Amino acid sequence: MPDKTQAHVNYYGSEPDAEVASRDSKRQPTARANAARELYFEAKSSVSMEFPYWYTRRWEQLEGEIPIIRRAEALKSGFEHLTATIYPGELLAMGKASYLRGSFPMPWLSEAFFMAAEDDLYKEAQESGKLTADTFTTMGKGGGNVTKSAGRVISIAGKFGLRVEEMPVMIEVAKKWKDKSVDDIGHKYEQLVPGYKEKEALMRSVICMFDSGYTLPQGREVMNYYYPLQFGIDGIIRNCEDGIADVAGYPGMDRLYFYKAVILTLEGIKQWIKNYAEEAQLLASIEKDEKQKNEYLELAERLEWLSSKPPRSFHDALQMVWLFHAAVQNEDAISGLSPGRIGQVLYPYWQRDIKNGVLDREKSLELLECMRIKFTEIDCFASMGVVGGVLSGNTFNNLCVGGLLKDGSSAANELEMLILEAGITCDTPQPTLSLLYDEKLPEEFLLKGIECTKIGTGYPAWVNNQVAMEFLLGNYAHEGMNPEEARAWGIGGCLETSPGSWMPLEIDNEIHWIPGGSAPATSVGVHFLNLPKLLEVTLFDGMDMRTGQRIFPPHGYALETYDETWQAFKDYFSRACHVLTLTNNIQHDAWRKISPSLVNSMLKPDCLAKGKDIGQMGCRYNTTFNIESCGTTNLVNSLGSLKMNVYTEKNYTLNQYREAILANFGYQTAQETGSYSLIDQVPTGDYHNWKKIHSQSLGAPKFGNDNPFVDAILKDWEDWFCDMAHNYRSLYDQPMYACQISVSTHGPMGAVTLASPDGRLSGTTFSDGSVSAYPGTDKNGPYALFNSATCWNHAQSQNSQLNIKIHPSVVNGREGSRKFLELIRAYLRKGGFHVQFNIVDSRMLKQAQAEPDKFRSLLVRVAGFTQYWVELGKQIQDEVISRTEYEEL
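With respect to the overall build of the protein chain
The helix and strand inventory of the protein chain stands at 35 helices and 24 strands. Its C-alpha atoms give the protein chain a radius of gyration of 26 Å, near enough to 29 Å, the size a compact globule of 889 residues would have. Projecting the C-alpha coordinates of the protein chain onto the three principal axes gives extents of approximately 80 × 65 × 60 Å. Carbon and sulfur atoms provide 50% of the accessible area of the protein chain, an area that totals close to 28,400 Å². A distance of 1 Å separates the average location of the 88 positive side-chain charges in the protein chain from that of its 112 negative side-chain charges.

Focus on the packing of aromatic side chains
We describe a pair of aromatic rings using the distance from one ring centre to the other and the angle between the two ring planes. One pass over the full model with this rule turns up 40 aromatic pairs. Between Tyr55 and Trp59 the ring centres are 6.3 Å apart and the planes differ by 10 degrees, which places this aromatic pair in the stacked class. Of this pair, Tyr55 and Trp59 are both found in helix 2 (residues 50-61), four residues apart, which corresponds to roughly one turn of the helix. Per residue, the accessibility class of Tyr55 equals that of Trp59, and both read buried. Here a set of aromatic residues connected by ring pairs shows up, and it is made of Phe51, Tyr55, Trp59, Phe79, Phe104, Trp108, Trp177 and Trp272.

Points about the sheet that holds strand 15 (residues 524-530)
The three strands are arranged 15-18-19 in an open sheet whose pairing can be described as parallel. A single partner strand is all that each edge strand has here, and the edge strands are strand 15 and strand 19 (737-740). Neighbour-to-neighbour, the strand axes of the sheet open up by a mean angle of 25 degrees, direction not taken into account. Sheet topology places strand 15 next to strand 18 (residues 625-630); five bridges connect them, and they run parallel.

A look at the pairing of strand 9 (residues 432-437)
With six of six residues buried, strand 9 lies mostly within the body of the structure. Taking every second residue as pointing to the same face, both faces of strand 9 are buried, with Thr432, Ser434 and Leu436 on one and Leu433, Leu435 and Tyr437 on the other. In the sheet, strand 8 (residues 398-402) pairs with strand 9 via five bridges, with the strands oriented parallel. Bridging across to strand 9, Gly402 finds its partner in Leu436. Tracing the backbone out of strand 8, into helix 18 (residues 414-425) and back to the parallel element strand 9 gives a crossover that is right-handed. Inspection of the sheet shows strand 9 paired to strand 10 (residues 461-464) by four bridges, in the parallel sense.

A look at the side chain of Glu166
Take Glu166: it is sitting in the loop between strand 5 (160-163) and helix 6 (167-176). Given the relative accessible area of 11%, Glu166 is considered buried. Each residue touching Glu166, except ones within four places of it in the same chain, is listed here: Val47, Ser48, Met49 and Tyr99.

Here's the deal with the pattern of salt bridges
In the structure shown here, the tally under the stated rule is 49 salt bridges. Measuring nitrogen to oxygen at the nearest pair gives 3.6 Å for the salt bridge that ties Arg58 to Glu73. Highlighted residues: Arg58 in helix 2 and Glu73 in helix 3 (residues 67-80), separated in sequence by 15 residues. A salt bridge links Asp719 to Lys715; the nearest nitrogen and oxygen atoms lie 2.6 Å apart. With Asp719 and Lys715 both in helix 30 (residues 708-724) and four residues apart, this pair spans about one turn of that helix.

Looking at unusual backbone geometry
Looking along the chain, the bond that leaves Tyr459 and enters Pro460 is cis, with omega of 0 degrees. With respect to the helices and strands, the residue Pro460 is situated in the loop between helix 19 (443-457) and strand 10. Cis geometry is found at the peptide bond from Pro605 to Asp606, where omega equals 5 degrees. As for its placement among the helices and strands, Asp606 is situated in the loop between helix 24 (599-603) and helix 25 (607-610). Even without a glycine there, the phi angle at Lys650 is positive, about 55 degrees. Here Lys650 is to be found in the loop between helix 26 (632-648) and helix 27 (654-662). Overall, the relative accessible area of 60% leaves Lys650 in the exposed class. In this structure, Phe665 takes a positive phi of about 50 degrees despite not being glycine. Within the element layout of this structure, Phe665 appears in the loop between helix 27 and helix 28 (670-673).

The rules we used
- Residues numbered from 1 in each chain as written.
- Predicted model: local features only at pLDDT ≥ 70, side-chain atom pairs only at ≥ 80, totals over all residues.
- Heavy atoms only, no water.
- Helix = DSSP H or I, 4+ residues; strand = E, 2+ residues; numbered from the N terminus.
- Rg over C-alpha atoms; globule rule 2.2 N^0.38 Å.
- Areas by Shrake-Rupley, 256 points an atom, 1.4 Å probe, with all protein chains shown as cover.
- Lys, Arg positive; Asp, Glu negative; His and termini not counted.
- Charge placed at Lys NZ, Arg CZ, Asp CG, Glu CD.
- Phe/Tyr/Trp six-rings, centres within 6.5 Å; stacked < 30°, edge-to-face > 60°.
- Buried < 20%, exposed > 50% of the residue type's maximum accessible area, 1.4 Å probe, protein only.
- Pairing = 2+ DSSP bridges.
- Axes fitted to C-alpha atoms, helices over the stretch in contact; angles between N-to-C directions.
- Right-handed = clockwise from strand over helix to strand, strands pointing away.
- Contact = heavy atoms within 4.5 Å.
- Salt bridge = Lys/Arg side-chain N within 4 Å of Asp/Glu carboxyl O.

Here you go:
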């Protein structure tokens, strides 16, 4: 009898041969990188209390100090006291914590979510509805996740391990932040918002996934490494000292405190670097192997130099980039901190070293592989609902290649070719890669991207450079954005279009214009509105029938026409956006007052010039708040089913649909079956009563088949959503915009949603992305899907997201590569913003689900990111398996 807990595979074209197909053969990493990766495979996600202990201790000592100075002193203490850990063979050193996969709680943001269930702090958090998403999130059972407590290690959030002896420290430190954290202060004042009770109801029902103000206040943005590369740490300190001299005693005194805070923070970072230099010296003094001894000494010298001065070489510059990336990760809970276009940032150093014979391509590749390992080691400590339900354990460090230079010519270069090669040889989840497609990019470069995608990594994602620039010009022109500046953009996080700027890097008396991020987090705001659940609440006049709780007042519509149903849905959606925008603004205001960014602020133009941190609009561009949605395709298909079956053909009344939804069309729920894809659900004894309505719901026109009936509904939704988002104002009094990515939220959000009118069953996972077809419903091939997906203007939104799964045999060989590239070109030339691929035989995924220990290194693409299969929760695994697999193009 088949295993009903395993997802079914949907195919377009003939089913594959009996033998499971492997992906294109990949080249192996260097011995050094391979050893580091094997060490990573053996490591577990581990919690350290070192940084939060010293941060909190110093914070308490400075009661009454200027808030931003108090914050800087606390950060300084945290950095200074981090234990330096260096592993044999490392060419790049330093990390978030002393553990290989180390992270730590930041109770100054939120102290309640990681407490043990019996603790009063945790219970208070549960009662306020903030942790409901945790209940409906599954974590991967393999890999580095510590899913269960064992021995002297306690599992936290289903992912992180904490040593038993550190638990009292965690509890004690957390309690010191009760009623003082960003979460608690924000919660105190958000309750003053009219309609606040609706906000709590939205959170409990998981119509909204999580609050961004205290969970992930930074990230989904592009780093800017210009200042440390150009000036070094001491140079930045001198700039701040000059700033103090200019503003001391004058109006606008906040600038003085900002400059002093930056100096204090940099002093902590300097000591942090020196601690590693001293550790490398110590290791060298006891090392017997001469080669390893010399590497330790070289590392010590490099770190000592970089603790004060700008880099001298490509290796120096890469280390500088990494250490500041890690430093920003340590000042806040962050996901989606993207290195951006570092192949272009570091190209002047690389080009000079190659020319001078101090570096060759083999050594370059080894360094880039080591960089990939360091980025993969990054962990983000947060609740299960965030880590599992949103991030799937990923941190979304997006490295972009391609795009255009300042003068409008192709930005592709030899170093970026090596970055793609490192992605092939050392296939790790981080940094994920995005190729900024432009017609000016050379064919050789594009085919290198195809080669990388074909090995099954899921990267690079292919992103439309011109569509992104159009979005930026449409949303940031009032802040001075122009076409030249728009070319400096990059992807922040998994898929957030982020503005950048060109910075004048001077090397050997020659100016090189390098791109870097020049905005704060470009994805904070209303985080992930559950569209199918909102339609469900609309059909039941404001009630969540899963919990029996009223979410909204009755909408007052009889829903006798499709237009009435559409209007009622829009009214509820707008109502949710309104209250969530207000409460989110209060949370972010609490964040900027209690936990202002200092490391990231000193890096972003034009914070140092203005003497203002990110929270005070120090950045060049500040229109960065958005409204994120999830479940677009299921919403559109459900509206299409209702429009046809209830309002056009009148096959059923709306009451009959309500009854069918409550009866789950005569099936068991996904929670009962343990499988989260539609095809594997089990009928109940009264299925025959609902078989016809379910069949006609499934048979209604579905998005992805170039069908004008349902595609028109998508266009109506997109035109309305992308326009209405501008009606809401961020904390910075800037208009918000639409953002359409699912990440992993389509799993837990599907889990809380009853059956939907499109035939989807209760608890099953939504379609991923925003323009991906629901698994098994795209019957007419990829080009029909492209036509459906591009029925609206993608430049209206910060992004769109399309995932496609292709059998490896379809893109085999050189001819397969060219056919694959033409497929991508066809979509992007039609105006699509983004497309990414899983090149995999789905039967391999089913084998990996059954025997995860045999597939530790298997990578798959989820929704804007790549992750090890064994570290994904079953909700997402089932959804990836069930995606339509194309056997022909």
